[in-house]
Amino acid sequence: MRAVAIKKGQNWAAGFQEMGTVRCEGCGEEFIIGHQSPFVDKWVADKQAHWLEKVLAEEHERDKKHPDRIELPS
Ligand SMILES: [Zn+2]
């Protein structure tokens, strides 16, 4: 697992670096994107932020609760 987003307030596994925050437009909940240390990449994090925004919006469309942790595509 190289990249993951966690709900604000959750704890990081060791070795992850915070890369940015994504706020869900549907409910205002915030997710923090983290990269595992050797794979830190700002450009990838920006793309993952856009991907995550869409995923969060889809979860509202499907009436699904956001998980505490979402694995991100690399
Ligand atoms: Zn939401």
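Refer to the structure above for everything that follows.
Computed from a predicted structure; not experimentally measured.

### Side note on the nonpolar core
Within the largest apolar cluster, 13 residues are counted, with the highest numbers of intra-cluster contacts made by A5, I33, L52 and L56. When near neighbours in sequence (up to four residues on either side) are disregarded, L56 contacts V22, C24, F31, H66 and I70.

### Looking at the packing of aromatic side chains
The relative placement of two aromatic rings is captured by the distance of their centres and the angle of their planes. Counted by the stated rule, this structure contains one aromatic pair. Between W12 and F16 the ring centres are 5.8 Å apart and the planes differ by 20°, which places this aromatic pair in the stacked class. Note on W12: relative accessible area 23%, which makes it partly exposed. A residue is classified by how much of its surface remains accessible, and F16, at 14% relative accessible area, is buried.

### Digging into the coordination of the zinc ion
Protein coordination at the zinc ion comes from C24 (SG), C27 (SG), H60 (NE2) and H66 (NE2), with a distance range of 2.0 to 2.3 Å. One can describe the donor arrangement at the zinc ion as tetrahedral, given that its four donor atoms subtend angles of 101 to 115° at the metal. Written as a sequence motif, the donor residues of the zinc ion are C-x2-C-x32-H-x5-H. Highlighted residues: C24 in the loop between strand 2 (16–23) and strand 3 (30–36) and H60 in helix 1 (residues 42–61), separated in sequence by 36 residues.

### Observations regarding unusual backbone geometry
The phi torsion of most residues other than glycine is negative, and most of the peptide bonds are trans. A positive phi angle is found at D63, which is not glycine, with a value near 60°. Among the structural elements, D63 can be located in the loop between helix 1 and strand 4 (69–71). The class for D63 is exposed, based on a relative accessible area of 75%.

### With respect to helix 1
Given a rise of 1.5 Å per residue, 20 residues ought to cover 28 Å, and the 29 Å separating the end C-alpha atoms of helix 1 matches this to within 8%. Among all positions in helix 1, only A45, Q48, A49, L52, V55, L56 and E59 are buried. Taken around the axis of helix 1, the buried residues stretch over an arc of 135°, which confines them to a single face. The outward face of helix 1, more than 90 degrees from its buried face, is lined by the exposed residues W43, H50, K54 and E61. Buried residues along helix 1 sit against strand 1 (3–7), strand 2, strand 3 and strand 4. The backbone nitrogen of W43 lies 2.9 Å from a side-chain oxygen of the residue at the head of helix 1, namely D41.

The rules behind the values
Within each chain, residues carry numbers counting from 1 in the order of the written sequence. Reporting of local features is limited, given that this is a predicted model, to residues whose pLDDT is at least 70; pairs of side-chain atoms are given and counted only at 80 or more, and all residues count toward the totals for whole chains, interfaces and linings. Working from all heavy atoms in the structure, the side-chain values ignore hydrogens and water. Note on terminology: a nonpolar core comprises buried Ala, Val, Leu, Ile, Met, Phe, Trp, Tyr and Cys residues joined through side-chain atoms within 4.5 Å. Exposed residues in this analysis have more than 50% of their type's maximum accessible area, buried residues have under 20%, and partly exposed residues fall in between, with area computed by a 1.4 Å probe over protein chains only. Any two residues having at least one pair of non-hydrogen atoms within 4.5 Å are treated as being in contact. Aromatic pairing here means that ring centres of Phe, Tyr or Trp (its six-membered ring) are within 6.5 Å. Orientation follows from the plane angle: under 30 degrees is stacked, over 60 is edge-to-face, and everything else is tilted. Donor atoms: N, O and S within 2.8 Å of the metal, or within 3.2 Å for Na, K and Ca. Because water is excluded, sites can look incomplete. Donor angles set the geometry label: tetrahedral for four donors if every angle is between 85 and 135 degrees, square planar for four and octahedral for six if opposite donors exceed 155 degrees and the others are between 65 and 115, irregular for anything else. Helix and strand labels come from DSSP, where a helix needs a run of H or I of at least four residues and a strand needs a run of E of at least two; each type is numbered from the N terminus. Given a helix with a known number of residues, its expected span is that number minus one, times 1.5 Å. What the arc describes is the spread of directions from the helix axis to the C-beta atoms. Pairs of N or O atoms within 3.5 Å make up the polar contacts considered here, provided that, within protein, one atom can donate a hydrogen while the other can accept it, and that residues adjacent in sequence are counted only when both atoms are side-chain atoms.

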